[in-house]
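Descriptive analysis of the structure
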Amino acid sequence: INTTNLGVGKHSISALAFFEGKTKKTNAFIEVFANKKPAIYNFKIVNTYPHDTKAYTQGLEYYNGFLYETTGRRGQSTLRKVEIKTGKVLQKVDLDKKYFGEGMTIVNNKIIWLTWENKKGFVYDLETFKQEKEFAYNKSKEGWGLTQNKDQLIKSDGTNKIWFLDKETFKEKKSIQVYTHDRALESLNELELIDGKIYGNIYQKSAIAIINPETGIVEGLADLRSLEKEMAKTQKLVANDEVLNGIAYDKENNRIFVTGKYWGKLFEIELIKK
Ligand code: DDQ
Ligand code: CA
């Protein structure tokens, strides 16, 4: 790993970030910050589509022409297949009411779906939406966002950590910690892998961090605050609850979709470097 783009921050206090697992832990923990500020991105709305205002969006993924979405809140958690243009829910299944649904990703015709505080995930069949098995995650704090690269599942847990899980055993193999030049980026929520970088929206922040998956360094920050303003034109959003959440990427057509919890709209956006 190349350390030349790293600098050690002033506040040498808490976590072993970059070197976790590589350096023996001592009492003198250091926090390692990027030595460059993240590039700032704005966005342009390319398309606007309807989205179910009853969907407390937690996971969002594009697959084969459709969006797959998981929703949260205890008693309201669902898994859906959605037609993009109309927002129509084509297929839907409810989660056991004792769980609070979280992020989701699709691997080999299976849907992997996390829950919030129970350290438990479920596997569903992509076609039938039948629940087939469950698995546990014990190292990470909670279940929040989920995406994947070629070999591993990529999971956020509400802190500044991102976990890499084996796709078959669901074992948590390693983690990185996400830092900008001046802070740990906590509350990473829904995730998406775009061009090899991890895109993560930050809970209650209207921002998407673009994260280097090797180092955890935040290379970019997309400012989506004006998207909430756009939403506010047609829908009164409950502050700190009905927030931006959900990033999906259509690789073939290079389309990025975003939405929010209970938002009546889904946006296709293009990120533009400032
Ligand atoms: N998380 O999805 C960001 C991980 C957690 C969201 C927590 C929302 C709390 C809702 C409480 C509902 C009370 C009516
Ligand atoms: Ca996603």
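Relevant structure appears above.
An account of the accompanying structure is given in this report. (Residues numbered from 1 in each chain as written. Chains lettered and ligands numbered in written order. Predicted model: local features only at pLDDT ≥ 70, side-chain atom pairs only at ≥ 80, totals over all residues. Heavy atoms only, no water.)

Quick word on the sheet that holds strand 6 (residues 78–82)
- Read from one edge of the open sheet, four strands run 4-5-6-7, paired in antiparallel fashion. The open sheet has two edge strands with one neighbour each: strand 4 (57–63) and strand 7 (89–94). Direction aside, neighbouring strands of the sheet carry axes that sit 15° apart on average.
- Bridge analysis of strand 4 against strand 5 (residues 66–71) gives six bridges, and the strand direction is antiparallel. The residue bridging Glu 61 from the neighbouring strand is Tyr 68, located in strand 5. (Pairing = 2+ DSSP bridges. Helix = DSSP H or I, 4+ residues; strand = E, 2+ residues; numbered from the N terminus. Axes fitted to C-alpha atoms, helices over the stretch in contact; angles between N-to-C directions.)

Points about the coordination of the calcium ion (ligand 2)
- At the metal site, the calcium ion (ligand 2) is ligated by Leu 60 (O), Glu 190 (OE), Glu 190 (OE), Leu 191 (O), Glu 192 (OE) and Ile 247 (O), and these contacts range over 2.4 to 2.9 Å.
- Around the calcium ion (ligand 2), the six donor atoms are arranged such that angles at the metal cover 47 to 177°; this shape is classified as irregular.
- In the primary sequence, the donor residues of the calcium ion (ligand 2) line up as L-x129-E-L-E-x54-I. Taken as a pair, Leu 60 in strand 4 and Ile 247 in strand 20 (residues 244–250) lie far apart in primary sequence, 187 residues in all. The pair formed by Leu 60 and Ile 247 is uniform in burial state, with each residue classed as buried. (Donors = N, O, S within 2.8 Å, 3.2 Å for Na, K, Ca; no water. Tetrahedral: all angles 85-135°; square planar, octahedral: opposite > 155°, others 65-115°. Buried < 20%, exposed > 50% of the residue type's maximum accessible area, 1.4 Å probe, protein only.)

Focus: the sheet that holds strand 11 (residues 131–136)
- If you walk across this open sheet you meet the four strands as 8-9-10-11, and the pairing is antiparallel. Looking along the sheet, the strands with just one partner apiece sit at the ends: strand 8 (101–107) and strand 11. Across the sheet, the mean angle separating the axes of adjacent strands is 25° when strand polarity is ignored.
- Bridging between strand 10 (residues 120–125) and strand 11 involves five bridges; their strand directions are antiparallel. Residue pairing in the sheet places Phe 122 in a bridge with Glu 134 of strand 11.

Some points on the pattern of salt bridges
- Applying the stated rule across the entire model yields 15 salt bridges.
- In this structure, the salt-bridge partner of Lys 98 is Asp 96, at a minimum N-O distance of 3.5 Å.
- One salt bridge in this structure joins Asp 125 and Lys 110, with 3.2 Å as the shortest N-O distance. Of this pair, Asp 125 sits in strand 10 while Lys 110 sits in strand 9 (residues 110–115), and the two are 15 residues apart along the sequence.
- Under the relative-accessibility criterion, Asp 125 is labelled buried at 14%.
- The class of Lys 110 is partly exposed, set by a relative accessible area of 26%.
- Salt bridges linked by common partners bring Lys 110, Asp 125 and Glu 132 together as one network. (Salt bridge = Lys/Arg side-chain N within 4 Å of Asp/Glu carboxyl O.)

Description of the packing of aromatic side chains
- Going through the model one piece at a time under the given rule, you end up with twelve aromatic pairs.
- Geometrically, the ring pair formed by Tyr 62 and Phe 257 is stacked, given 6.4 Å between the ring centres and 15° between the ring planes. Separated by 195 residues along the polypeptide, Tyr 62 in strand 4 and Phe 257 in strand 21 (residues 255–260) bring together distant segments of the chain.
- Judged by relative accessible area, Phe 257 falls into the buried class, the value being 0%. (Phe/Tyr/Trp six-rings, centres within 6.5 Å; stacked < 30°, edge-to-face > 60°.)

On their own, these measurements won't tell you what the molecule is for.
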